[in-house]
Amino acid sequence: MSGGAGVVVRRALQVCRVLQKRASVAAVASSSSSSSSSSSRSHVQGQTLLTPRSSFYWSFRCFSDVGTISKESDSDKSAERTPVLKARAAFMEELSSCTSPSDVLDLSCRVPPTFLQLSHCLSQIWNSTKKMSEEQRRLELRLMWEHPEWERLLQRAVGGVSYLPDTHLVFALLSLVNLGVGPKTRVIQTYLRAAQERINELDDKNLSILSACLENLEEGANVRALKHGIRLLVEERLPRINNVVHLQTMMRIVGKDAPLKLKHKLEAKALSLSHQFSLPNAQHMVSTMATMGLTSKPLLSICSHKISENLSGVPFNRLLTVLVSCRELRFRDVQLLEAVSEYSATMVQVWNNKQFLLLLSSLDALSFFPSSLLDSFSDRVQSDPGALTLKDLLCLVRVCSSLNYHQPSLVERLVGALELYVLRMSPVQLLRAQHSLCLLGHFPQSLLVALLQDSTLQRLRTHESRSVQAQLNVVELCLRLDRPTLPDHVSLPPSSSSSSSSSSSSSSSSSSSPPPPLSPRPHLSSALRSLLQHRSDWSVKDGELLEEHYYIDAVLTKRESDSEKEQRRAVLCVPPSVFCFGTSRPRGTLALKLRHLNIMGYLPLLVPEQKFVSLSDEARVQFLRKLIFPNEQEPQLRLELRKSPTQSTNTI
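All of these numbers come straight from a predicted model, not from anything done at the bench.

Q: Describe the overall build of the protein, naming the residues involved and giving the relevant values.
A: Along its length, the protein carries 32 helices and 4 strands. Pairs at least 24 residues apart make up 67% of the contacts formed inside the protein by residues separated by at least 6 positions. Counting only carbon and sulfur atoms, one obtains 53% of the accessible surface of the protein, whose full area is about 34900 Å².

Structure follows, in structure tokens:
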């Protein structure tokens, strides 16, 4: 039986019961008035013929999903309804005092709830668990699943779904989803099908709640159908949505696979409501755009400006979410990042070490160098390095090496703290710690002795991770080029490439030498040859691989006339990602490459890739002249200097 047919049958039964009751009342009234006078009898008969029809009409012309709304004001009817209303009020009052799922289930076991009260029970179960710690929540939910009333509650929820109003339906579904009820269970699928039937009748608030339910549900036929329906409704109702929260929720459910046209409509609607943005709206809008894969620079600029001006009102978790979302959207705002760095530096006495490390990792992912934050946090670490766990130490050393933050006193304290964990560190942890320290130019002997053991190196060389192999190659390269002092009983290990080539002699000779990671750049090569065409003492070579690791775009060589010495300059065409954002500060890998080029006798020269490509041919030559020969005057300036003072004055 469908939901509508069930409602009709139930209401018909209610009408029949009332008619039967009134018929018995009329029979008693007629028998008691048989001894009355004829005029009196006719008056009573008139009453019995007229009153039931009138009272029936006024009593049953309005119905609700849970019973009849009667409008008669007889005292006996009020007396009959009063105990029921009192019982319901008592149930709701007792329900609000429940502090755990078991309390709610015990109450529903003693007093079976109505269908409306059932949705309140589910909401109360979820609300009570939100205030618990993670461990307590897991325990309470396990007790809930083992409670015998829980299964009966879910069965009643399935049977009463057709009687629930829209708001109760979506809130009950939200509670079930948040409580971890499986998406393929009967109760979830029943509520999803009911939501499909009523989706056109849901208002904006209920639609946003339904969207929040679907956000955490596993994909299925009913979920996909609801998401598609919501997208159609969002596009239809978009012109009349005036609530920022509802818009953000609908933007989240639209998802990354939404049509580009719909994303642009949502962006335009959000921009039209940007004057209503509160501080929480701005925070949620950034994460919402990351969820749906929408990079709108105007919208992000509005939100970042709002956040940067009110950082004191942003909770730490929200701030971290904003930074992570900016990383996903590849959006960096200097004003926001600098404000975060300066504000975080003032919170050294408030936040704990883990919060600072999370923040530093997020800023490092954005390639931003937070000088204020690093200086303040380094002072805190140096005062008490023992407060950091091994995981914290590895994270901090990695961030410092990635951002090229070299403060000798801090590094010494970090090395001293790491040495306490040497015996408990795994080979991979030893490698990660030493790799970060190699980028900073530090080679502590205790870590090297533990890392260079034959058993440890063997385990690392057979590791399947590519990042482990890359870090091991960097450490071995640093040991060959930097030549740190090693204990007498520790020898320099052979490189991974040589050992692997010797162990696999049957492999082809071409595989032993890796191909250059970059092809020669024709624009750079042409500009260099134009610059050096009249300089016979200079030669240029395109593309050179040093130590089987460092690729140089061009090598300029000048032979000294009075000796056999040569001047070698390595020209590197570098992208912006190798620098800290908004600065010319090289990041860890580039700083290591520059250090090693100096050790090998090269003078490194950096050419910004994006800027160089955008220049004309003549401008490229002039740019390289200023870079390679900074002390040499341009030809036009030399020509003017040869002129007489009078000519020079006239020219000016």
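Q: Go over the sheet that holds strand E4 (residues 602-608) with me, naming the residues and quoting the values.
A: With respect to topology, 4 strands assemble into an open sheet ordered E1-E2-E3-E4, the strand pairing being mixed. Edge positions in the sheet fall to strand E1 (538-546) and E4, since each has one partner strand and no second. Strand after strand, the sheet turns through a mean of 30° between neighbouring axes, direction not considered. Two strands pair when backbone bridges link them, and E1 and strand E2 (residues 550-559) are joined in this way by 8 bridges, in the antiparallel orientation.

Q: Can you lay out the pattern of salt bridges for me, pointing to particular residues and giving the numbers?
A: Per the stated rule, a full pass over the model turns up 18 salt bridges. One salt bridge connects Arg110 with Glu94, and the closest N-O pair in it is separated by 2.6 Å. Of this pair, Arg110 sits in helix H4 (residues 101-110) while Glu94 sits in helix H3 (residues 75-96), placing them 16 residues apart in sequence. Look at Arg110 and you get exposed, because its relative accessible area is 54%. The partly exposed category is assigned to Glu94, whose relative accessible area is 32%. The partner of Arg587 in a salt bridge is Asp364, with the nearest N and O atoms 2.5 Å apart. In this pair, Arg587 sits in the loop between strand E3 (566-574) and helix H28 (588-599) while Asp364 sits in helix H18 (residues 353-365), placing the two residues 223 residues apart along the sequence. For Arg587, a relative accessible area of 13% puts it in the buried group.

Q: Any details on the environment of Ser401? Residues and values, ideally.
A: Within the fold, Ser401 resides in helix H20 (residues 390-402). Residues Ser401 and His435, 34 residues apart in the sequence, show an inter-C-alpha distance of 8.9 Å.

Q: Describe the packing of helix H12 (residues 244-254) against helix H13 (residues 260-272), with residues and values.
A: At a closest axis distance of 11 Å, the pairing of H12 and H13 adopts a crossing angle of 165°. With respect to H13, the axis of H12 lies roughly antiparallel. Handedness of the crossing formed by H12 with H13: left-handed. Counted together, Leu247, Met251 and Val254 of H12 and Leu262, Leu266, Lys269 and Ala270 of H13 form the full contact between these two elements.

Q: Could you give an account of helix H16 (residues 316-329), with specific residues and numbers?
A: Taking 1.5 Å per residue as the helical rise, H16 with its 14 residues ought to reach 20 Å, and the 20 Å between its terminal C-alpha atoms agrees with that figure. Every buried residue belonging to H16 is among Phe316, Leu319, Leu320, Val322, Leu323, Ser325, Cys326 and Leu329, and all of these are buried. Contacts made by the buried residues of H16 are with helix H14 (279-292), helix H15 (297-309), helix H17 (334-345) and H18. Downstream of H16 by a residue or two, Arg330 has a phi angle that is positive, lying close to 55°.

Q: Can you lay out the pairing of E3 for me, pointing to particular residues and giving the numbers?
A: Relative to E3, E2 is paired through 6 bridges, and the arrangement is antiparallel. In the strand pairing of E3, Lys558 is matched with Gln567. When E3 meets E4, the two strands line up parallel, connected through 7 bridges. Bridging across to E4, Leu572 finds its partner in Leu606. Crossover connection from E3 via H28 to parallel E4: handedness right-handed.

Q: Quick one: what's the story with the nonpolar core, residue by residue and with numbers?
A: Trp150 and Tyr191 are the most contacted members of the largest nonpolar core, which has 164 residues in total. Contact partners of Tyr191, with chain neighbours within four places excluded, come to Ala157, Val161, Leu164, Leu169, Ala172, Leu173 and Leu176. In terms of nonpolar packing, the next biggest core, distinct from the first, is built from 18 residues, Trp538, Leu605, Phe623 and Ile628 among them.

Q: Tell me about the packing of aromatic side chains, residues and numbers included.
A: Scanning the entire structure with this criterion turns up 9 aromatic pairs. The interplanar angle of 75° and the centroid separation of 5.6 Å between the aromatic rings of Trp145 and Trp150 together place this pair among those described as edge-to-face. Classification of Trp145 as partly exposed rests on a relative accessible area of 41%. Arranged with centres 5.1 Å apart and planes meeting at 65°, the rings of Phe316 and Trp351 form a pair that is edge-to-face. With Phe316 in helix H16 and Trp351 in the loop between H17 and H18, this pair connects stretches of sequence that are 35 residues apart. Neither Phe316 nor Trp351 differs from the other in exposure class; each is buried.

Q: Could you give an account of the packing of helix H10 (residues 204-215) against H12, with specific residues and numbers?
A: Between H10 and H12, the shortest axis-to-axis distance is 9 Å and the interhelical angle comes to 35°. Like other packed secondary-structure pairs, H10 and H12 cross with a definite hand, here left-handed. Residues Asp204, Lys205, Leu207, Ser208, Ser211, Ala212, Leu214 and Glu215 of H10 form the contact with H12, whose own contacting residues are His246, Thr249, Met250, Arg252 and Ile253. Here the residues of the contact of H10 with H12 sort into 5 nonpolar, 4 polar and 4 charged.

Q: Explain the side chain of Glu140 to me, using residue names and the numbers behind them.
A: Within the element layout of this structure, Glu140 appears in helix H6 (residues 134-146). It turns out Glu140 is buried and unbridged, and the closest side chain with the opposite charge, Arg142, is 9.7 Å from it. If sequence neighbours within four positions are ignored, Glu140 has contacts with Ser100, Pro101, Ser102 and Met132.

Q: Residues and numbers for unusual backbone geometry, please.
A: We note that Asn404 has phi near 60°; this positive angle belongs to a residue other than glycine. Within the secondary structure layout, Asn404 lies in the loop between H20 and helix H21 (408-419). Non-glycine residue Glu547 carries a positive phi angle of around 55°. What makes Glu547 partly exposed here is its relative accessible area of 36%.

Q: A description of the confidence of the model for the protein should follow, citing residues and the corresponding values.
A: In the predicted model, the protein carries a mean pLDDT of 79, and the fraction of residues at 70 or more is 79%. Mean pLDDT across the elements of the protein ranges from a minimum in helix H32 (residues 645-651), with 33, to a maximum in H16, with 94. Residue range residues 24-75 is modelled with pLDDT below 50. Its contacts to residues more than four positions away, or to other chains, number 41 contacts. Here residues 636-652 is modelled with pLDDT under 50, and outside its nearest four sequence neighbours on either side it reaches 4 contacts, counting other chains as well.

Q: Can you explain the side chain of His147? Please cite residues and give values.
A: Along the polypeptide, His147 turns up in the loop between H6 and helix H7 (148-159). Judged by relative accessible area, which is 16%, His147 ranks as buried. Within the structure, the side chain of His147 is placed 3.0 Å from the backbone nitrogen of Glu149, a separation counted as a polar contact.

Q: How would you explain H7 if you had to name every residue and give the values?
A: Residues of H7 that are buried include every one of Glu149, Trp150, Leu153, Leu154, Ala157 and Val158, and no others. The inward-facing, buried residues of H7 contact H4, helix H5 (115-130), H6, helix H8 (166-178) and helix H9 (186-198).

Q: Would you mind going over the environment of Val170 in detail, with residue names and values included?
A: Within the secondary structure, Val170 is located in helix H8. In this structure, the C-alpha to C-alpha distance between Val170 and Lys205, residues 35 residues apart in sequence, is 9.9 Å. With sequence-adjacent residues up to four places away left out, Val170 is seen in contact with Leu202, Asn206, Ile209, Leu210 and Cys213.

About the criteria used
Numbering of residues starts from 1 in each chain and follows the order in which that chain's sequence is written. Where local features are concerned, this predicted model is filtered to residues with pLDDT of at least 70; where side-chain atom pairs are given and counted, the filter is 80 or more; whole-chain, interface and lining totals use all residues. Hydrogen atoms and water are omitted, and side-chain values are computed over all heavy atoms in the structure. Think of it this way: any DSSP run of H or I at least four residues long counts as a helix, any run of E at least two long counts as a strand, and we number them from the N terminus. Whether two residues touch is decided by their heavy atoms; if any such pair falls within 4.5 Å, the residues are in contact. Here the open area of atoms and residues is found with the Shrake-Rupley method and a 1.4 Å probe, where only the protein chains shown may cover a residue. A pair of strands is considered paired only if DSSP assigns at least 2 bridges between the two. Lines fitted to the C-alpha atoms define the axes, with helices restricted to the stretch that makes contact. Angles between their N-to-C directions range from 0 to 180 degrees. Salt bridges, as used here, are contacts in which a Lys or Arg side-chain nitrogen is within 4 Å of a carboxyl oxygen on Asp or Glu. Buried, partly exposed and exposed residues are distinguished by accessible area as a fraction of the type maximum, computed with a 1.4 Å probe on protein chains only: under 20%, between the cut-offs, and over 50%, respectively. An angle below 35 degrees is read as roughly parallel, one above 145 as roughly antiparallel, one from 65 to 115 as roughly perpendicular, and any other as oblique. Left-handed describes a crossing whose near helix is turned anticlockwise from the far helix through less than a right angle; right-handed describes the clockwise counterpart. A helix is expected to span 1.5 Å for every residue after the first. A clockwise course of the path from the first strand over the helix to the second, judged with the strands pointing away from the viewer, identifies a crossover as right-handed. By convention a nonpolar core is built from buried Ala, Val, Leu, Ile, Met, Phe, Trp, Tyr and Cys residues, the set being connected through side-chain atoms within 4.5 Å. Two aromatic rings from Phe, Tyr or Trp, using only the six-membered ring of Trp, form a pair when their centres are within 6.5 Å; if the ring planes differ by under 30 degrees the pair is stacked, by over 60 it is edge-to-face, and anything between is tilted. Three classes are used, and their members are as follows: Ala, Val, Leu, Ile, Met, Phe, Trp, Tyr, Cys and Pro are nonpolar, Asp, Glu, Lys and Arg are charged, and the others, Gly among them, are polar. Working convention for charge: Lys and Arg count positive, Asp and Glu count negative, and His plus the chain ends are omitted. Confidence of the predictor at the level of single residues is captured by pLDDT, which takes values from 0 to 100. Contacts described as polar in this section are N or O atom pairs within 3.5 Å, which, within protein, must combine one atom able to donate a hydrogen with one able to accept it, while residues neighboring in sequence count only if both atoms come from side chains.

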